[in-house]
Amino acid sequence: MQNLAQEAIRTVLDPVYPLDQPEPQPEAAVVVMDPHTGHIKAMVGGRSRPDGKLLWNGAVDARRQPGSAIKPLVVYAPAVAMGRSPGAVVDDSPKTYPQPAGQKPWTPMNYDLTFRGLVTYREALKDSINVPAIKVLEEIGIRQGLEVAGRMGISTFRWEGRTNDLGLATAIGGLTEGVRLLDMVQAYGVLASGGVRVEPVAVTRVVDRYGNVLYEARPHKQVVLSDAVAYLVTDMLKDVIKAGTGRRAEIGRPAAGKTGTTDDYADAWFIGYTPDLVAGVWMGYRDEQTPMTRPQRVVGGTYPAQIWNLVMRGAHEGLPPRDFERPRNIVEVEISTKSGKLPSRLTPPQFIRTELFIRGTEPTELDDAFVEATVCQENPNELYDPFCGCTPSTRIFLNRPPVEPYVDEKGRTYAPADQAMALPSRSCLVSLGAQGQGEAQDQGGEPLEGEPDVVIQMTSRKYAWEPSVIRVRKGQHVRLLITAVDVPHGFGLPGYNIYRTLPVGEAVTVDFIAEKPGTFAFFCTVYCGVDHARHIGRLQVLDDR
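Residues numbered from 1 in each chain as written. Predicted model: local features only at pLDDT ≥ 70, side-chain atom pairs only at ≥ 80, totals over all residues. Heavy atoms only, no water.

Participant: How should I be thinking about the packing of aromatic side chains in this particular structure?
Facilitator: Given two aromatic rings, one states the distance between the centres and the angle between the planes to describe the pair. One pass over the full model with this rule turns up 14 aromatic pairs. Ring geometry for Tyr 406 versus Tyr 414: centroids 6.0 Å apart, planes at 25°, classification stacked. Relative accessible area serves as the criterion here: at 22%, Tyr 406 is assigned to the partly exposed category. Under the relative-accessibility criterion, Tyr 414 is labelled buried at 8%. An angle of 50° between the planes, with centres 5.2 Å apart, marks the rings of Tyr 496 and Phe 512 as tilted. You can see Tyr 496 sitting in the loop between strand S23 (489-493) and strand S24 (498-502) and its partner Phe 512 sitting in strand S25 (residues 507-513), a full 16 residues away along the chain. Of the two residues, Tyr 496 and Phe 512, neither departs from the other in class, the shared state being buried. Among the aromatic residues, ring-to-ring pairing joins Phe 115, Tyr 406 and Tyr 414 into one connected group. In this structure, Lys 516 is placed above the aromatic ring of Tyr 496, and the distance from its NZ or CZ to the ring centre is 4.9 Å. (Phe/Tyr/Trp six-rings, centres within 6.5 Å; stacked < 30°, edge-to-face > 60°. Buried < 20%, exposed > 50% of the residue type's maximum accessible area, 1.4 Å probe, protein only. Helix = DSSP H or I, 4+ residues; strand = E, 2+ residues; numbered from the N terminus. Lys NZ or Arg CZ within 6 Å of the ring centre and 35° of its normal.)

Laid out in structure tokens, this is it:
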């Protein structure tokens, strides 16, 4: 297996980063371990040199930033151990965190500079989304996350001092000293073995020339997670390989794993496991600063996942495929992926999935993320108001928490994608009153032949009509004589498709036949100040029948 690991590195990296070049090339390290015995099956500390010398062992000596490969250990395993499920929901939306005096506030971003909105833990881990991981760690507590990851095998956390790992950046791999590849493999081995930590063993036995056993390793084991917690996290990590950032690690048998990449592309990881073996791959330059951006940006899902694939395919040759054993207290329940609760009659089918739970933690409440609301058919992003004159239409919306869009230093605006599904926050009537932002366009209301049945003198001023309520009868010829008193205004009566400009001091004639009974809003079509949305009146057309 040692030769297998060395050959996998050569096969993947030598064509891209040949070692016969004068400039330094990226290093790679591999560790393969039996998660049940701790026996190290292969350890490659770096790429082979022509002279065969290796003075630096990247699998043990290097402490490098793990990127997102730390998320299962610091965030999701601790959260599941506290009773959360893979179907728990977190809001992938912008959030700004204050920093110590003299430092800019921190608004963490996702790798693709987008925000998805309400997502399950499973989705967040599969797609390696940063912001949900940070928010989950904030919810469960940083110390709790570090303690669980420490018990799993990470030995390099810094707990005190001016610079330490007690910050939320730990959720996405921002550590003071970094981690060792060997530690990462041991920690993931806990998940592979059903929650049992096994100390790595490099030497299994020492005998003298007479065959006498001088030393024989005995596995040192410790239960650090329940088998159910380990299984749920494993099931989440299986999705990383099936459909997430680790697809290049697919080996044709049940496997789970996680990619890791640092922001500056200085480190890239893939750590994964089957029921039989756990293996980790790290890539990076020895100087810890040079980014791996040529000939392409190296992320955990590229060369590290490919190396892992070759190693694990070869290591499992001849072994029958087997899946991770499901504990008896794991149950399946359908949930809404926008609330983590039981689907309701309003939950759209595309947001329903079967999720795994530890018995006793499954949801009992119905989905409250989706609600019915009556909106205007002509303007479905506005709530219907009986006085707006529009056609009511009942639709289903996402009742997501409100969130302020984030505007970065370059003026780019970020908001969660599912905001487009959100329940409208204002009525059509208020919206109509807030529309005017410039010159109104004259349309409708032209003088009609014959004498009007009703003549009404009206004035418009900031931010009121006089009168504000007009009552006429169906079928009447109505004439409005409207004067803007203080500044130019505009008159809009969308129910009758009338829009007219109102110059200051000039009476404008608006004629129409009140042929449609009901109550209709009229508003000012020219923006005239902060309270413009209050500049609304009502036309009531009475039906005498």
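Now, onward.
Participant: What should I look at first to understand unusual backbone geometry in this one?
Facilitator: For residues other than glycine, phi is negative in most cases, and the peptide bonds are mostly trans. A cis amide bond links Arg 294 with the next residue in sequence, Pro 295, at an omega value of 0°. Following the sequence through the fold, Pro 295 ends up in the loop between strand S11 (278-284) and helix H8 (303-315). Going from Glu 466 to Pro 467, the amide bond is cis rather than trans, its omega being 0°. With respect to the secondary-structure elements, Pro 467 resides in the loop between strand S20 (464-466) and strand S21 (469-473). Despite not being glycine, Leu 113 shows a phi value in the positive range, around 60°. When you line up the elements, Leu 113 lands in the loop between strand S3 (89-92) and strand S4 (117-120).

Participant: What am I meant to see in the side chain of His 316 here?
Facilitator: Among the secondary structure elements, His 316 is positioned in the loop between H8 and strand S12 (330-336). Beyond its immediate stretch of four places on either side in the chain, His 316 contacts Arg 253, Thr 274, Asp 276 and Leu 277. (Contact = heavy atoms within 4.5 Å.)

Participant: Could you clarify how one ought to interpret the sheet that holds strand S15 (residues 379-383) in this entry?
Facilitator: The pairing of strands in a sheet comes from backbone hydrogen bonds and takes either a parallel or an antiparallel form. If you walk across this open sheet you meet the 3 strands as S15-S14-S16, and the pairing is antiparallel. Each of the sheet's edge strands pairs with one partner strand only, and the pair in question is S15 and strand S16 (392-398). Averaged over neighbouring strand pairs, the angle between their axes works out to 55° when direction is ignored. Bridge count for strand S14 (residues 370-376) against S16 is 7 bridges, and the pairing is antiparallel. Residue pairing for S16: Cys 376 is matched across the bridge by Pro 392. (Pairing = 2+ DSSP bridges. Axes fitted to C-alpha atoms, helices over the stretch in contact; angles between N-to-C directions.)

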